[in-house]
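Below are the chains, spelled out letter by letter.
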Amino acid sequence: MIGGIFPILIKEILSTSTFDKELPKVQCEGFDLRVFRWTQAMIFAIEEINNDPALLPNISLGYSILNSCASPTNALRAALTLASGAEEVDVSSHCPPAISALIAESGSSQSIAVAGILGPFHMPIISYFSTCACLSDRTKYPTFFRTIPSDYFQAKALAALVKHFGWQWIGAIQSDNDYGRNGILAFKEEVEKFGICIAFVGTILRTYTKDRFLKVVEIIKQSTVKVILAFVPEGDFYPLMQEIVNQNITGIQWIASEAWITASRPSTPEIYTAFGGTLGFVVQKMAIPNFKHFLTSISPYTDPHAPFVKDFWEIIVSKSLQRVNFTNQFGDEVFFDENGDPPASYDIINWQLINGKVPTSLCSNICPSGTRKAQINGKPICCFHCVSCADGTIANSTADCTPCPKEYWSNERKDDCIPRTIEFLKYHEPMGIALTLVSLLGASLSLATMVVFINYRETPVIKASNFELSSFLLFSLFLCFLCPLTFIGMPTVWTCMLRHTTFGVTFALCISCVLGKTIVVVTAFKATFPGNKITGQFGHAQQKIIVCSCTLIQLITCVLWLTLSPPYPHTLFTYSNRMIVLECNTGSEFAFYAVLGYIGILAIICLILAFMARKLPDNFNEAKLITFSLLIFCAVWITFIPAYTSSPGKFTVAVEIFAILSSAFGLLICIFAPKCYIIFLKPEKNTKKWVMGKIIK
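Residues numbered from 1 in each chain as written. Predicted model: local features only at pLDDT ≥ 70, side-chain atom pairs only at ≥ 80, totals over all residues. Heavy atoms only, no water.

## Focus on the packing of aromatic side chains
Piece 1. In this structure the tally under the stated criterion is 27 aromatic pairs.
Piece 2. Considering the side-chain rings of Phe237 and Trp260, the 4.7 Å spacing of their centres and the 50° angle between planes classify their relative orientation as tilted. Of this pair, Phe237 sits in helix 7 (residues 234–246) while Trp260 is found in helix 8 (residues 258–261), placing the two residues 23 residues apart along the sequence. The pair formed by Phe237 and Trp260 is uniform in burial state, with each residue classed as buried. (Phe/Tyr/Trp six-rings, centres within 6.5 Å; stacked < 30°, edge-to-face > 60°. Helix = DSSP H or I, 4+ residues; strand = E, 2+ residues; numbered from the N terminus. Buried < 20%, exposed > 50% of the residue type's maximum accessible area, 1.4 Å probe, protein only.)

Below, the structure written as structure tokens:
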């Protein structure tokens, strides 16, 4: 004996007697042709087995089918009735046998109730339409089986469908039972993996009051979603369908679960206006041989006790229902189809077009290139503002701003990375041209002065200024003026090593010569005192030793610098967003400042010595000129340090070149210009007497 429980009558009505205090009675109405067809499929299968002796030899199958009215309570009552064998039978029958297996039920909540109560008794239960994933739990429902896939797979398929069409902002309707709640829960878990947001979840049930359905309708009307998934059985969903049609709510793309996508009522002309083009997944159909003939042969005269056949024929032939368009309302043409449930099929999707286009459903529009998503507090991740990407980042095809490579920077639109401008002090730019010309001018003046000194070396003015030391000084100034040329142009390994070391050595030579001249002046001043013999102890040899030894110290320092931690080309990205600064890294900051410091020490010693001899009683006082030149030299380099550390990019190099040229010009002009002035403009003063200050004006 095989039991069957089907929701043939789909609407449950409670009634109470008016004459006594009886408990409410449950009545069911609303004959469902699709479910009745399921019952006939069960009966057809049993008869096929009984007619084939090879399948179950010497065993005959019987059946008993009861109605559940799509109610868990009624389904449980029917299951207990079938399991106990207490249902009504023919009077000629003796003790009716209990069932060996149960075919039940279509609703997941009904199946949960039945499997929960009969499972401990090892009663096999086979469902034909219950898809809740919760029923796959073998510990709770060890004897439950089904011929339809779990909602676990349907939820994945529906989520993939939504993702495929790019719908990011959708609504959901669930039935207030295990089928709807578990289905939407599984679907929500899947779509969240794709970044899809569910704007609302409306809950309905066929037994709800109209007000509760109207609240769900209002939620739909107030929402901005254009795509809604309804994970509900047809019976629970139909009242909401009617209300949506009554309020003329269109332009929504509906997605259906398998429970109603193949139902006939959504295909009626009335409902089709709002629900035409609904998408959903169905179980693959298959033709059942001889099933159509079986359906067309159903007759109340063949077997008067066949379950629900009488009700079926009353609907078919009842004149009270002939006024209803039976084909459109119930789909009797589909009822006799041997292929199963799809009531209609379409070659193309009949979209719920919005402005003539396939609907899009977004909480916020896709951010344009150059912008990124900024979440709105209290809103789902699909709702956001679009804000411009930060400098140095771009967004073109992605939702987030991505940083540009180090050598690139974002354009104005922030949608593309463009190469940064490479900056260094170039020869052909105005600043480079100006500094080059000044450098060459200084070198030319140094050479010209040297030529003058050579030509007039026998004159008193030249002799008094120490021709040999002056020549060394002019040569060192010539090198100092050429030194800035190594600072201009693209930094390379060789130019970086030459820049500071050449500068350090040439300026050390220059200041050493000035030191020698200063010592000569000081000894000359001391020689004016009676009995002082210091002049004879500081001759040409001692002067050369002073110059060479002071220069050698700087040379050794530079060699160690180049050996241990030499300067090298360096790329600086932090100065400016839109450019890359190419500079020479000093390699060793200590060595760099040691070179500068040594030059500073020599200059200070010279300044002190020159200051001591500033009152030498000559018309041509060399000490005053040296003092003034060294004051300029020290002022320039003291100012240089803060300017150097604060100047950006190529201006750092320009500041250093300016300091070199300024200090070199200070020495050249202050020390040698007065001599050239006398030689060319005041030749009458180029005498020993005037130089010694013996002529009284």
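## Notes on unusual backbone geometry
Piece 1. Of note, the amide linkage connecting Ala104 to Glu105 takes the cis form, showing an omega dihedral of -5°.
Piece 2. Although it is not a glycine, Cys69 sits at a positive phi angle of roughly 60°.
Piece 3. Residue Lys414 is not a glycine yet carries a positive backbone phi of 60°.
Piece 4. Residue position: Lys414 is located in the loop between strand 17 (408–410) and strand 18 (417–419).

## Observations concerning the pattern of salt bridges
Piece 1. For the structure on display, the rule yields eleven salt bridges.
Piece 2. We note a salt bridge from Lys221 to Glu218, for which the minimum N-O separation is 4.0 Å. One end of the pair is Lys221 and the other is Glu218, both in helix 6 (residues 210–222) and three residues apart, which spans about a single turn.
Piece 3. Close ionic contact of Lys544 with Glu468 constitutes a salt bridge, the shortest N to O distance being 3.2 Å. Residue Lys544 is located in helix 18 (residues 540–564), and its partner Glu468 is located in helix 16 (residues 467–482); the two are separated by 76 residues in the primary sequence.
Piece 4. For Glu468, a relative accessible area of 25% puts it in the partly exposed group.
Piece 5. In the salt-bridge network here, residues are joined through shared partners; they are Lys156, Glu190 and Lys193. (Salt bridge = Lys/Arg side-chain N within 4 Å of Asp/Glu carboxyl O.)

## Observations concerning a negative patch on the surface
Piece 1. On the surface, Glu47, Glu48, Asp52 and Asp303 cluster together into a patch of negative charge.
Piece 2. Note that Glu48 resides in helix 1 (residues 33–50). (Patch = residues over 30% accessible without salt bridge, like charges linked within 9 Å, V, L, I, M, F, W, Y side chains within 5 Å. Areas by Shrake-Rupley, 256 points an atom, 1.4 Å probe, with all protein chains shown as cover. Lys, Arg positive; Asp, Glu negative; His and termini not counted. Charge placed at Lys NZ, Arg CZ, Asp CG, Glu CD.)

## So, the state of the cysteines
Piece 1. Enumeration over the complete set of coordinates arrives at seven disulfides.
Piece 2. A sulfur-sulfur distance of 1.9 Å marks the disulfide that ties Cys389 to Cys401. One disulfide, between Cys389 and Cys401, carries an S-S torsion of -80° and so falls in the left-handed class. Residue Cys389 is found in the loop between strand 14 (384–388) and strand 15 (393–394), and its partner Cys401 is found in the loop between strand 15 and strand 16 (402–403); the two are separated by twelve residues along the sequence. In this pair, the class of Cys389 matches that of Cys401, namely buried.
Piece 3. Disulfide partner of Cys496: Cys584, at an S-S distance of 1.9 Å. On the sign convention where negative is left-handed, the bridge of Cys496 and Cys584, at about -80° about the S-S bond, is left-handed. Remark: Cys584 occurs in strand 21 (residues 579–585) and Cys496 occurs in helix 17 (residues 493–526); sequence separation between them is 88 residues.
Piece 4. By relative accessible area, Cys496 is classed as buried at 0%. (Disulfide = S-S within 2.5 Å.)

## Some remarks on the side chain of Ser257
Piece 1. Here Ser257 is to be found in the loop between strand 11 (253–256) and helix 8.
Piece 2. Ser257 has contacts with Gln154, Tyr179, Ala230, Phe231 and Val232, leaving out every residue within four places of it along the chain. (Contact = heavy atoms within 4.5 Å.)

## Points about the packing of helix 14 (residues 430–455) against helix 21 (residues 650–680)
Piece 1. Running from amino to carboxyl end, helix 14 crosses helix 21 at an angle of 30°, the nearest separation of the two axes being 10 Å. Put simply, helix 14 runs roughly parallel to helix 21. The interaxial crossing formed by helix 14 with helix 21 has left-handed handedness. Across the interface between the two elements, Met431, Leu435, Val438, Ser439, Gly442, Leu445, Ser446, Thr449, Val452 and Phe453 of helix 14 pack against Phe651, Ala654, Ile657, Leu661, Phe665, Leu668, Phe672, Lys675, Cys676, Ile679 and Phe680 of helix 21.
Piece 2. Residue composition of the contact of helix 14 with helix 21, grouped by class: 16 nonpolar, four polar and one charged. (Axes fitted to C-alpha atoms, helices over the stretch in contact; angles between N-to-C directions. Parallel < 35°, antiparallel > 145°, perpendicular 65-115°, else oblique. Left-handed = near helix turned anticlockwise from the far one by under 90°. Nonpolar A, V, L, I, M, F, W, Y, C, P; charged D, E, K, R; others polar.)

## Examining the nonpolar core
Piece 1. Judged by nonpolar contacts, the single largest core of 63 residues is most densely connected at Leu477, Phe507, Trp637 and Leu667.
Piece 2. Mapped by element, the contributors of at least two residues to this core are helix 14, helix 16, helix 17, helix 18, helix 19 (589–612), helix 20 (622–646) and helix 21.
Piece 3. Of the residues forming this core, the biggest block, 13 residues, is contributed by helix 21.
Piece 4. If we skip the residues at most four places from it in the chain, Leu477 touches Ser446, Cys510, Ala664, Leu667, Leu668 and Phe672.
Piece 5. Core analysis: the next-biggest nonpolar cluster, separate from the first, contains 49 residues, Ile8, Leu33, Ile198 and Phe312 among them. (Core = buried A, V, L, I, M, F, W, Y, C linked by side-chain atoms within 4.5 Å.)

## Some remarks on the sheet that holds strand 7 (residues 144–146)
Piece 1. Taken together, the five strands give an open sheet; going across it, the order is 4-1-5-6-7, and neighbouring strands pair in parallel fashion. Either end of the sheet is taken by a strand with one partner, and the two such strands are strand 4 (63–67) and strand 7. Within this sheet the neighbouring strands show an average axis-to-axis angle of 20°, counted without direction.
Piece 2. Sheet strands in contact with helix 1 are strand 1 (2–6), strand 4 and strand 5 (101–103), and its direction is about 170° off that of strand 1. (Pairing = 2+ DSSP bridges.)

## Structural notes on the UniProt feature "transmembrane region" (unreviewed entry) in the protein chain
Piece 1. Residues annotated by UniProt as "transmembrane region" (unreviewed entry) correspond here to residues 431–455, 467–490, 502–525, 545–564, 590–613, 625–645 and 657–680.
Piece 2. Within residues 431–455, the helical portion is 100% and the strand portion 0%, while the C-alpha atoms at the span's ends are 36 Å from each other.
Piece 3. When the span residues 545–564 is considered, its composition is 100% helix and 0% strand, and the gap between its end C-alpha atoms is 28 Å. (UniProt positions renumbered as here; feature names shortened; annotations may be inferred.)

## Things to note about the environment of Ile261
Piece 1. Here Ile261 shows up in helix 8.
Piece 2. The spacing of Ile261 and Thr278 is 17 residues in sequence and 7.7 Å in space, taken between C-alpha atoms.
Piece 3. If we skip the residues at most four places from it in the chain, Ile261 touches Ala256, Thr278, Leu279, Gly280, Phe281 and Val282.

## Describing the packing of helix 20 against helix 21
Piece 1. Packing of helix 20 against helix 21 leaves a shortest axis separation of 9 Å and a crossing angle of 175°. The angle between the axes of helix 20 and helix 21 places the two elements in the roughly antiparallel class.
Piece 2. Here the contact of helix 20 with helix 21 is composed, by residue class, of 17 nonpolar, five polar and three charged.

## With respect to the sheet that holds strand 11
Piece 1. Ordered in space as 9-8-10-11-12, the five strands form an open sheet in which the pairing is parallel. Lying at the two open borders of the sheet, with one neighbouring strand each, are strand 9 (197–204) and strand 12 (279–280).
Piece 2. On top of the sheet, helix 6 reaches strand 8 (169–175), strand 9, strand 10 (227–231) and strand 11; it is set at about 165° to strand 9, its chief contact.

## Section: the side chain of Ser476
Piece 1. As for its placement among the helices and strands, Ser476 is situated in helix 16.
Piece 2. Judged by its relative accessible area of 0%, Ser476 is buried.
Piece 3. Engagement of the side chain of Ser476 in a polar contact is seen with the backbone oxygen of Leu473, the distance being 2.7 Å.
Piece 4. Once residues lying within four places of it in the same chain are set aside, the contact partners of Ser476 are Thr506, Leu509 and Cys510. (Polar contact = N/O pair within 3.5 Å; in protein donor to acceptor, adjacent residues only side chain to side chain.)

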